[in-house]
Amino acid sequence: MPFYHKLGKIPHKRHTIFKKPDGSLYYEQLFGTIGFDGMATNMYHLHRPTQVKEIRGKKDVTPKVAVSNNMQSFRFHGFKVKPEDDYLNSRKAVLTNSDCTIYLAAPKKSVKDYFFKNADADELIFIHRGSGTLRTMLGNLEFKYGDYLLLPRGIIYQIDFETEDNRLFIVESRRPIYTPKRYRNWFGQLLEHSPFCERDLRAPEHLETIDEKGEFLMKIKKQNEIFDMVYATHPFDVVGYDGFNFPYAFSIHDFEPITGRIHQPPPVHQTFETDAFVVCSFVPRLYDYHPESIPAPYNHSNIDSDEVLYYVDGDFMSRNDIEAGHISLHPAGIPHGPHPGAVERSIGKEKTEELAVMVDTFKPLMVTEEAMKIADNDYYKSWLE
Ligand SMILES: [Fe+2]
């Protein structure tokens, strides 16, 4: 995150003697990104963070691609993804390319038996249903419906869910996920025209510091394989840290929509950016106020990007027959637009209650076997009159 955060106990100077009450030393770890150029955090452990006891094996989790060169618009029924007990098993890759993978997940159980670390990618977890606590080595974040949880790569975490009814939309990104640069000043501070500011971003506030030795299973995702590694000490043994690299939460309900006299283009909804895709939040808002404005979007060609919309709640003005949990995929290379009747329906309307998350990728997405299980194959004909 582009702001400084400090939690727990740290010494006055970095890389200096920092003693426990018994006189022995805490173990410092610099946790950096993008070589030594990206955001970094300095943390202090009770135990060495390097104590691997055993490497038990690995499992390939490469998404199974059904359609690699896709030119078809799809609708996917996200809520048809079956709930599963285990968090990692519940994550079903639906769309993927070399930059990112989009998962749907309906995990029933909290993560208790292992810790997870994604060494490949940042994770953006959107909470469609469910609430609970994201527990990480850098502190905990409470979450509920509408929250984006941003986990920079390498953060060790578990998730506690309050109930078994959970629905997650996850974007895994091999490039770092940042807030949009055009909303930040030279120092990184979010500017006045940004639809959200630092006050809306929730950093971890409660640091668990667990002093335990034993066997701690860490599942580490690297190069599309999950390695089972056993550590000798509890991964949440940090007594303090400071820096810019930590997980945070942002509620889609705190996104302040930018509206205008005529239809505003998709970038006004932008919430996150990477080198390879953008994430936008479509939130309840007043419609355009030009007396002859058409609130529905015009037909548009995403000649350079595949467009994924995940429908969360409310009415979806430009689409017919779209429900919460659906995903639409409109591929680069062909235009798409409002369904028949949607433009006429929108005229004179004053506001929308729609809530949706959009991911526009700059490289084409491949459709997975899991996605084909929940696909509507005839969606591409839905504009026919
Ligand atoms: Fe679109």
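Residues numbered from 1 in each chain as written. Predicted model: local features only at pLDDT ≥ 70, side-chain atom pairs only at ≥ 80, totals over all residues. Heavy atoms only, no water.

1. Details of the nonpolar core
With 86 residues, the main nonpolar core has F76, Y87 and F169 as its most contacted residues. With five residues, strand β8 (residues 100-105) is the single largest residue contributor to this core. Those residues in contact with F76 that lie beyond four places of it in its chain are L95, G325, H326, I327, L329, V367, A371, I374 and A375. By size, the runner-up hydrophobic cluster in this structure holds nine residues, among which are C280, F282, F316 and A356. (Core = buried A, V, L, I, M, F, W, Y, C linked by side-chain atoms within 4.5 Å. Buried < 20%, exposed > 50% of the residue type's maximum accessible area, 1.4 Å probe, protein only. Helix = DSSP H or I, 4+ residues; strand = E, 2+ residues; numbered from the N terminus. Contact = heavy atoms within 4.5 Å.)

2. Looking at the coordination of the iron ion
The reference angle at a metal is 109.5 degrees if four donors form a tetrahedron and 90 or 180 degrees if six donors form an octahedron. Distances from the iron ion to its protein donors, H300 (NE2), E307 (OE), E307 (OE) and H336 (NE2), fall at 2.1 to 2.5 Å. Coordination at the iron ion is irregular, judged from the four donor atoms that bind it and the angles of 56 to 167 degrees they form at the metal. Sequence spacing among the residues donating to the iron ion works out to H-x6-E-x28-H. Judged by its relative accessible area of 22%, H300 falls in the partly exposed class. You can call E307 buried: its relative accessible area is 5%. (Donors = N, O, S within 2.8 Å, 3.2 Å for Na, K, Ca; no water. Tetrahedral: all angles 85-135°; square planar, octahedral: opposite > 155°, others 65-115°.)

3. Regarding unusual backbone geometry
Not every positive phi belongs to a glycine, and Q223 is a case in point at roughly 50 degrees. Among the residues examined, Q223 registers a relative accessible area of 63% and is labelled exposed. Phi angles above zero are rare outside glycine, and N224 is one such case at about 65 degrees. Along the chain, N224 falls in the loop between β17 (213-222) and β18 (225-233).

4. Focus: the packing of aromatic side chains
In the structure shown here, the tally under the stated rule is 17 aromatic pairs. Ring centres of F116 and Y157 lie 5.6 Å apart, and the angle between their planes is 80 degrees; on these two criteria the pair is classed as edge-to-face. Here F116, found in strand β9 (residues 115-118), pairs with Y157, found in strand β14 (residues 156-161); they are 41 residues apart in sequence, far enough to count as distant. The exposure class of F116 is buried, given its relative accessible area of 1%. Look at Y379 and W383: their rings are 5.2 Å apart centre to centre, the planes differ by 70 degrees, and that puts the pair in the edge-to-face class. (Phe/Tyr/Trp six-rings, centres within 6.5 Å; stacked < 30°, edge-to-face > 60°.)

5. Quick look at the environment of D228
Mapped onto the fold, D228 is located in strand β18. Exposure remark for D228: the relative accessible area of 19% places this residue in the buried category. In this view, D228 contacts E54, I55, R56, G57, L217, M218 and K219; residues no more than four positions away in its chain are not counted.

6. Details of the sheet that holds strand β12 (residues 139-143)
Within the open sheet, the seven strands sit side by side as β4-β18-β17-β9-β14-β11-β12. Their pairing is mixed. The open sheet has two edge strands, β4 (52-60) and β12, and neither has a second partner. Taking the axes of each pair of neighbouring strands and ignoring which way they run, one obtains an average angle of 25 degrees across the sheet. Both strand β11 (residues 132-136) and β14 contribute to a ladder of five bridges, which runs antiparallel. (Pairing = 2+ DSSP bridges. Axes fitted to C-alpha atoms, helices over the stretch in contact; angles between N-to-C directions.)

7. Concerning the side chain of T352
With respect to the helices and strands, T352 occurs in strand β28 (residues 351-352). Residue T352 is classed as buried on the basis of its relative accessible area of 2%. Engagement of the side chain of T352 in a polar contact is seen with the backbone nitrogen of E354, the distance being 3.0 Å. Apart from the residues lying within four places of it in its own chain, the contact partners of T352 are P284, R285, Y287 and D315. (Polar contact = N/O pair within 3.5 Å; in protein donor to acceptor, adjacent residues only side chain to side chain.)

8. Let's talk about the sheet that holds strand β7 (residues 92-96)
The strand order β5-β30-β7-β8-β15-β10-β13-β20-β16 describes an open sheet built from nine strands, whose pairing is antiparallel. Of all the strands in the sheet, just β5 (65-67) and β16 (201-202) have a single pairing partner and so form its edges. In this sheet, strand β13 (residues 147-151) lies alongside strand β10 (residues 122-129) in antiparallel orientation, the contact comprising four bridges. Looking at the pairing, L124 lines up with L150 of β13.

9. Description of the pattern of salt bridges
Pairing between side chains of opposite charge can happen when the charged atoms of each approach one another. Under the defined criterion, the tally for this structure stands at 24 salt bridges. Salt-bridge contacts for E273 lead to R184; the nearest nitrogen and oxygen are separated by 4.0 Å. Taken as a pair, E273 in strand β21 (residues 270-273) and R184 in the loop between β15 (167-173) and β16 lie far apart in primary sequence, 89 residues in all. Among the ionic pairs, K219 bridges to D228, the shortest N-O distance being 3.1 Å. For K219, a relative accessible area of 17% gives the class buried. Linked by salt bridges that have partners in common, D120, E172, R174 and K221 make up one network. (Salt bridge = Lys/Arg side-chain N within 4 Å of Asp/Glu carboxyl O.)

Purely geometric stuff here, so don't read any function into it on its own.
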